[in-house]
Amino acid sequence: MVVSACAKDSGGGTGSTNAAGAACEFSSAPSAPATSSTSAAANGEKVDGSALKIGLAYDIGGRGDASFNDLAAAGFDQAIKDMGVKKENTRELSAAPNEDESAKQTRLRQLASEGFNPIVGVGFAYTEALKVVAPLFPNVEFGLVDSAVEGAANVTPLVFAEQEGAFLAGVVAAYQSKKCHVGFVGGVDIPLIQKFEAGYFQGAKTAAPKIEVEKKYLTPAGDFTGFQDPAKGQEAANGLLDKGADVLYPAAGASGIGVFSAVKQAGALAIGCDADQYNQPALANTRDVIVASSLKRVDVAVYDFFKAAARNDLASLPKVFDLKVNGVGYATSGGKIDAKLQGILEGYRLQIIEGKIKVADKP
């Protein structure tokens with residue numbers, strides 16, 4: 001019996017071997033555009049927000065989750081700095097896992113009653129609460145990350161094309177895998193996280209049609225502890241690694257911390273989600289396994305919302321924060337993605353922007 005291994009090549013053709021020994025063949029990769037950028041264009045316009053009182057209501061995990069909430073915090077902090085908002089005119093409030101719906105209403109009412117305006121609710125979990133609270137404060141502008149409230153003129157949806165960034169994560173996973181076998185860890189089995197799953201699977205299979213892709217959700221819909229349980233994330237990751245996956249992509253909030261720990265212990269690789277997780281201080285001990293991250297620019301959306309509200313120009317915000325407006329994207333911090341793969345990623349990114357690739361938002 002002869003056993004052979006193929007070195008990973010970030011170009012087309014055969015690049016890796018899966019657990020069954022069959023070569024993983026890559027599709028013909030798109031060419032990189034002549035010039036490209038994955039960073040949002042800077043907006044140098046100065047807006048005076050010194051008279052504002054701005055509030056932020058976090059999703060579970062709050063500031064310090066190294067993911068979704070920390071991005072919102074970054075946008076909040078930047079708005080305060082750039083617009084000259086006084087520290088005493090800012091307020092942050094956090095949520096608890098599986099808290100009663102009334103707690104979210106109370107949190108938003110507290111901010112609005114104390115004169116904070118505008119206010120951002122971080123996460124779709126605030127949707128039902130805003131249906132109740134927004135009509136009670138018609139002169140307060142609310143931003144809602146990841147959802148919308150139909151018929152509420154004072155609630156601005158801040159929604160994303162998460163599946164587009166996840167597609168690029170899938171491409172990275174396919175090219176970085178040595179077994180042509182990758183995995184996805186979802187925090188909670190809900191439509192929002194299924195968008196990440198759909199994009200990741202499509203990206204991986206577009207790059208390498210015969211690749212094996214595993215998935216595992218930490219908790220079912222309704223149980224939001226899946227976003228704040230690193231131990232459960234580590235257990236799920238170990239299960240996928242045991243099945244043969246060697247690149248994992250967690251869309252699981254703070255539970256991703258456990259995924260990265262499992263990946264490091266196994267000598268495998270991972271892709272970050274939402275933030276550039278290679279550069280997150282909370283992940284300093286596992287950053288070396290993070291080869292890239294898909295970006296969901298909650299920081300940009302939160303910052304832009306506060307700035308637009310200060311200008312009284314909320315209509316200027318994009319309907320969806322997608323690749324076209326740099327609302328999603330990818331980061332390759334750490335230097336683990338070579339120039340050839342970088343060019344392939346840029347080629348796929350451009351094809352999505354031009355509509356040549358339509359990324360599904362459902363598995």
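The chain goes by BMP family ABC transporter substrate-binding protein in an unreviewed UniProt entry, where it is assigned to Lentzea tibetensis. Under the Subcellular location (unreviewed entry) heading, UniProt states for the chain: "Cell membrane". As its UniProt record puts it under Sequence similarities (unreviewed entry), the chain is described as follows: "Belongs to the BMP lipoprotein family."

Asks: Run through the sheet that holds strand β13 (residues 328–331), naming residues and quoting values.
Replies: Spatially, the six strands line up as an open sheet ordered β9-β8-β10-β11-β12-β13, and their pairing is mixed. Looking at the sheet topology across the chains shown, the edges are occupied by β9 (212–220) and β13. Averaged over all neighbouring strand pairs, the angle between strand axes comes to 20°, with direction disregarded. Direction of pairing for strand β8 (residues 181–189) relative to strand β10 (residues 247–251): parallel, over a ladder of four bridges. Bridge assignment links Gly-183 to a residue of β10, and that residue is Leu-248. Against the sheet, helix α4 (residues 162–176) contacts β8, β10, β11 (269–272), β12 (290–296) and β13, and its axis sits at roughly 170° relative to β12. Most of the contacts of helix α5 (residues 191–207) go to β8, to which it runs at about 170°, and overall it touches β8, β9, β10 and β12.

Asks: Residue-level account of the environment of Gly-203, with values.
Replies: Positionally, Gly-203 belongs in helix α5. Accessibility expressed as a relative area gives 0% for Gly-203, which makes it buried. Sequence separation between Gly-203 and Leu-168 is 35 residues; the distance between their C-alpha atoms is 6.0 Å. In contact with Gly-203, other than residues within four places in its own chain, are Phe-167, Gly-170 and Val-171.

Asks: Provide a residue-level description of empty space enclosed by the protein, including the pertinent values.
Replies: The full count for this structure, using the stated rule, is two cavities of 30 Å³ or more. Size it by volume and the largest cavity reaches roughly 210 Å³. Surrounding the largest cavity, 23 residues form its lining, Phe-68, Ile-193, Phe-227, Gly-253 and Asp-274 being those nearest its centre. For the lining of the largest cavity, the residue count by class is 12 nonpolar, six polar and five charged. Residues lining the lining of the largest cavity come from more than one domain, with at least three contributed by each of domain 1 (54–158) and domain 2 (162–296 + 332–354). Of the voids in this model, the second largest cavity is the one considered here, and its volume is about 30 Å³. As for the second largest cavity, its lining consists of Glu-162, Gly-165, Phe-196, Asp-274, Ser-294, Leu-295, Lys-296 and Val-328. Contributions of two or more residues to the lining of the second largest cavity are made by α4 and β12. At three residues, the largest contribution of residues to the lining of the second largest cavity is made by β12. Class assignment of the residues belonging to the lining of the second largest cavity gives a composition of three nonpolar, two polar and three charged.

So, how was this worked out
Residues numbered from 1 in each chain as written. Predicted model: local features only at pLDDT ≥ 70, side-chain atom pairs only at ≥ 80, totals over all residues. Heavy atoms only, no water. UniProt positions renumbered as here; feature names shortened; annotations may be inferred. Pairing = 2+ DSSP bridges. Helix = DSSP H or I, 4+ residues; strand = E, 2+ residues; numbered from the N terminus. Axes fitted to C-alpha atoms, helices over the stretch in contact; angles between N-to-C directions. Contact = heavy atoms within 4.5 Å. Buried < 20%, exposed > 50% of the residue type's maximum accessible area, 1.4 Å probe, protein only. 1 Å grid on protein atoms, 1.4 Å probe; cavity = no way out; pocket = protein on both sides within 12 Å on 5 of 7 lines; lining within 4 Å. Points joined across faces, edges and corners; volume = space filled by probe spheres on them. Nonpolar A, V, L, I, M, F, W, Y, C, P; charged D, E, K, R; others polar. Domains from an automatic or database assignment.

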